[in-house]
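# Survey of secondary and tertiary structure
Each chain, written out:
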Amino acid sequence: EQSSWRFWQKRRLLVALLAFFGFFNCYALRVNLSVAVVAMTEPVETELENGTIIYVPEFDWSSQTKGLVLSSFFYGYLVTQLPGGWLAAKIGGNRVFAIGIGATSLLTLFTPPLAHTSTALLIAVRIVEGLFEGVTYPCIHAVWSRWAPASERARLATFAFSGSYAGTVVSMPLCSLLAHYTGWPGIFYVFGILGLVWTTIWWLVVKESPEKDPHITAAELKYIQESRGTQTVEGAQLRHPWCAMLTSPPVWAIVVAHFSENWGFYTLLTFLPTFMKAGWVSALPYLAMALVLQVAGHLSDWLLRRGTFSRTNIRKIFNCGAFLSQTIFMVAAAYSSNVVACVVFLTIAVGLGGFAWSGFSVNHLDIAPPHASVLMGLSNTVATLPGIISPPLAGAIVTDRTAEQWRIVFFISSAIYLVGAIIYGWLCSAERQPWVAECEGASFSTDGASVTTARGIDNKAMDHTEM
């Protein structure tokens, strides 16, 4: 029996760890410009030809230009959600995940020279970065549809997703240090190189499925197959029942829940630094989210294994319970009489979102494993809209930064959480949907004695005579 601390000998855990750092890189590459733009636009000492010393910004951007530069990423990010999920189902989520982060990392290295050349080129490269990074969330579900046993979906998926929040918490202060000691271009060079290093490791280590991993043990392969099922659809032959998916109530339960959670997330991500004024304090809610995700994923799978509740009820309890609690704590924050109480309530509200992610974010894998990447693409497309809508809406409301204006922002988020809880509780299901079985005419068997990988290595774990 393998030692429990040797996680790398359990290949699905190694995939989860590398996926964690993949999402860490995703968010580090996404938020780096938010910090760099401060250094890029603050006045610096400049000596004129006549010896006069003046202070002018390196990039003299108006607030409108700065807003366009910062928001340009999301216009690309919105476009490739569905295509990314579709492509991952066809050619393998592991490849698309690597290409998405690798290309974003490479473009990040070119950001400083392009910024000096033209603001329009900087905006263009940020849009293209968004296009590549837009595939990441959908395609990771294509990976989990092959790698995650049914009883471990929540813990593996939420552990990987928590890398996003860890990346946000770590990268923002690290970007500030890099800007101070190396200049703002150092932010892009450091995170670009880290992203390329991660891409190389992921490409070499993570295979499309456990059947194609030459290093997986026979016991782990058998466990995954028996839990997940030994038959799956070849990507090239997979057909998505679009009409059935788009008219499925459980699908729209996921979409509404994803939208609701992201509304609060993007609103606070944009305005917490302004509202709280201290950068380290504004990172607390996302640190709480990263920690709660670990607890929620394990607790969800533990309840499922014990048979305490049905899978559908577990998803409803975690998602709706989180949304209702977030509604309460958002209202409490709105009526807080002092800053400390408000920070505590907002931290709890955001942190509780980790329980919601153990509901809706793995629900795609419950209802339609072969189509999970496309369904995540659909839900994340709609869930990206709050990133475009909520910050300008909140900005239009909070003009004087009064308590009454902030209260309105919190009330809107509370109302959206409440509506999300009601709709998800009404429409949610975690049962495999009938329209999934209808399209699974093609499959390949994993009962052969061995499988030859792309590297030409026979996977000896496929030899069932060793069991």
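Calculation rules
Residues numbered from 1 in each chain as written. Predicted model: local features only at pLDDT ≥ 70, side-chain atom pairs only at ≥ 80, totals over all residues. Heavy atoms only, no water. Helix = DSSP H or I, 4+ residues; strand = E, 2+ residues; numbered from the N terminus. Buried < 20%, exposed > 50% of the residue type's maximum accessible area, 1.4 Å probe, protein only. Areas by Shrake-Rupley, 256 points an atom, 1.4 Å probe, with all protein chains shown as cover. Contact = heavy atoms within 4.5 Å. pLDDT = per-residue confidence, 0-100. Core = buried A, V, L, I, M, F, W, Y, C linked by side-chain atoms within 4.5 Å. Domains from an automatic or database assignment. Disulfide = S-S within 2.5 Å. Polar contact = N/O pair within 3.5 Å; in protein donor to acceptor, adjacent residues only side chain to side chain.

## Observations concerning the overall build of the chain
For the chain, the helix and strand inventory stands at 20 helices and two strands. Split into buried and exposed, the 467 residues of the chain put 54% on the buried side. For the chain, the exposed surface amounts to about 19,400 Å²; the carbon and sulfur share of it is 65%.

## Observations regarding the environment of Leu68
Inspection of the secondary structure puts Leu68 in helix H2 (residues 63-79). Each C-alpha atom, one on Leu68 and one on Ile123, is 7.6 Å from the other, the two residues being 55 residues apart in sequence.

## So, the environment of Arg407
Within the element layout of this structure, Arg407 appears in helix H19 (residues 403-427). In the structure, Arg407 is positioned 73 residues away from Ala334 in sequence and 4.7 Å away in space, judged by C-alpha atoms. The contacts of Arg407, once residues within four sequence positions are left out, are Ala334 and Tyr335.

## Here's the deal with the confidence of the model for the chain
Looking at the chain as a whole, its pLDDT mean stands at 84, while 85% of the residues score no less than 70. Note on residues 438-458: pLDDT is under 50 here. Beyond four places in sequence and across chains, it has 44 contacts. A low-confidence stretch, residues 460-467 (pLDDT under 50), is modelled with 19 contacts involving residues beyond four sequence positions or located in other chains.

## A look at the nonpolar core
Within the largest apolar cluster, 98 residues are counted, with the highest numbers of intra-cluster contacts made by Met40, Ile140, Trp144, Trp202 and Phe410. Per-domain counts for this core show at least three residues from each of domain 1 (1-220) and domain 2 (243-437). Val255, Val374, Leu378 and Trp435 belong to the second-largest nonpolar core, a separate cluster that totals 11 residues.

## Structural notes on the environment of Leu178
Structurally, Leu178 is set in helix H8 (residues 153-182). The exposure class of Leu178 is buried, given its relative accessible area of 12%. Taking the C-alpha atoms as reference, Leu178 lies 9.2 Å from Ala36; in sequence the two are 142 residues apart. Leave out the neighbours within four places in its chain, and Leu178 touches Gly183, Gly186, Ile187, Val190 and Phe191.

## Looking at the state of the cysteines
Applying the stated criterion across every chain yields a total of zero disulfides. The thiol of Cys139 is not disulfide-bonded; the next cysteine sulfur, from Cys26, is found 8.5 Å away.

## Observations concerning the side chain of Gln225
Within the secondary structure, Gln225 is located in helix H10 (residues 218-228). Judged by relative accessible area, which is 2%, Gln225 ranks as buried. At 3.1 Å, the side chain of Gln225 forms a polar contact with the side chain of Glu211.

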